[in-house]
Amino acid sequence: MTPHEDRSCDVYYDGSCPLCRREIDFYRRREGARAINWVDVSKADYAGGDGAPERQTAMKRFHVKRADGALVSGGAAFAELWVALPALRPIGILFRYPPFSWAITIGYRLFLPLRPWLQKLAARKG
């Protein structure tokens, strides 16, 4: 079996971020998570390329590569992750389309400036 065979998507996340790790741990416990290729972009051997985001880009924003090879980031990436998890699929499908796709994009953009502060908070509680 190749690394991407039978995978619903590839999820690129910052494993060095305590906030990100907590959230990814939540998703990894969900039904369907075993079909997802979880890629920690903070690891030394992560190089990006071949359709995957470059390290610096991947460390700044959440990315998902769909099974069809399309790479999405930000709020849209969360919608794709949710689609890959059976319990969250209806929400993911909903957030693929306007006005919900607009709302999640705006919400993610508002979150990004708060991320450093939230990371520090998550590290203290970790």
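Residues numbered from 1 in each chain as written. Predicted model: local features only at pLDDT ≥ 70, side-chain atom pairs only at ≥ 80, totals over all residues. Heavy atoms only, no water.

### Thoughts on the pairing of strand β1 (residues 9-13)
Defined as follows: Partly exposed describes any residue whose relative accessible area lies between the buried limit of under 20% and the exposed limit of over 50%, with all areas from a 1.4 Å probe on protein chains only and scaled to the type maximum. Under the scheme used here, helices are H or I runs from DSSP no shorter than 4 residues and strands are E runs no shorter than 2 residues, and both carry numbers assigned from the N terminus. Any two strands between which DSSP finds at least two bridges are classified as paired. With the strands pointing away from the viewer, any crossover whose connection runs clockwise from the first strand over the helix to the second is right-handed.
Of all five residues that make up β1, five are buried, and the element is covered over most of its length. The side-chain alternation of β1 yields two buried faces, one formed by Cys 9, Val 11 and Tyr 13 and the other by Asp 10 and Tyr 12. Here β1 runs beside strand β2 (residues 36-40); their pairing, made up of five bridges, is parallel. Residue pairing across strands places Tyr 12 opposite Val 39, the latter belonging to β2. Each parallel crossover has a hand, and the one from β1 via helix α1 (residues 18-28) to β2 is right-handed. Alignment of β1 against strand β3 (residues 63-66), held across four bridges, turns out to be antiparallel. Looking across to β3, one finds that Cys 9 is bridged to Arg 66.

### Some details on the packing of α1 against helix α6 (residues 115-125)
For any two helices packed against each other, one specifies the crossing angle of their axes together with the interaxial distance. The following threshold applies: For helices, the fitted line uses only the C-alpha atoms of the stretch in contact; every axis is such a line through C-alpha atoms, and the angle between N-to-C directions lies from 0 to 180 degrees. Angle categories: roughly parallel below 35 degrees, roughly antiparallel above 145, roughly perpendicular from 65 to 115, and oblique for all the rest. It only takes one pair of heavy atoms within 4.5 Å for two residues to be counted as in contact.
As a packed pair, α1 and α6 sit with axes 7 Å apart at the nearest point and diverge in direction by 75 degrees. As judged from the angle between their axes, α1 and α6 are roughly perpendicular. Between α1 and α6, the residues in contact are Pro 18, Leu 19, Cys 20 and Arg 22 and Arg 115, Leu 118, Gln 119, Ala 122, Ala 123 and Lys 125, respectively.

### Quick look at unusual backbone geometry
Here the residue pair Pro 98 and Pro 99 is connected by a cis peptide bond, since its omega of 0 degrees sits within 30 degrees of zero. Among the structural elements, Pro 99 can be located in the loop between α4 (89-94) and α5 (100-111). Of note in this structure, Asp 50 is not a glycine but carries a positive phi near 50 degrees. Residue classification places Asp 50 among the exposed residues on the basis of a relative accessible area of 77%.

### Overview of the side chain of Asp 10
The condition is simple: Polar contact is defined as a pair of N or O atoms within 3.5 Å, subject to the rule that within protein one atom must be able to donate a hydrogen and the other to accept it, and that residues adjacent in sequence are counted only when both atoms are side-chain atoms.
Relative to the assigned elements, Asp 10 resides in strand β1. Exposure remark for Asp 10: the relative accessible area of 4% places this residue in the buried category. At a separation of 3.2 Å, a polar atom in the side chain of Asp 10 contacts the side chain of Asn 37.

### What to know about the nonpolar core
Selection criterion: Throughout, nonpolar core names a set of buried Ala, Val, Leu, Ile, Met, Phe, Trp, Tyr and Cys residues whose side chains join them through atoms within 4.5 Å.
Of all hydrophobic cores here, the largest spans 20 residues; its most connected members are Val 11, Tyr 27, Ile 36, Trp 38, Phe 62, Val 64 and Leu 81. Listing elements by their share of this core, those giving two or more residues are β1, α1, β2, α3 (75-84) and α5. Per-element tally for this core: the top contributor is α3, with five residues. Beyond its immediate stretch of four places on either side in the chain, Phe 62 contacts Val 11, Tyr 12, Tyr 13, Ile 24, Val 72, Ser 73, Gly 74, Ala 77, Phe 78, Leu 81 and Tyr 108. One finds Val 39, Val 41, Ala 52 and Ala 58 within the second-largest nonpolar core, a separate group that totals six residues.

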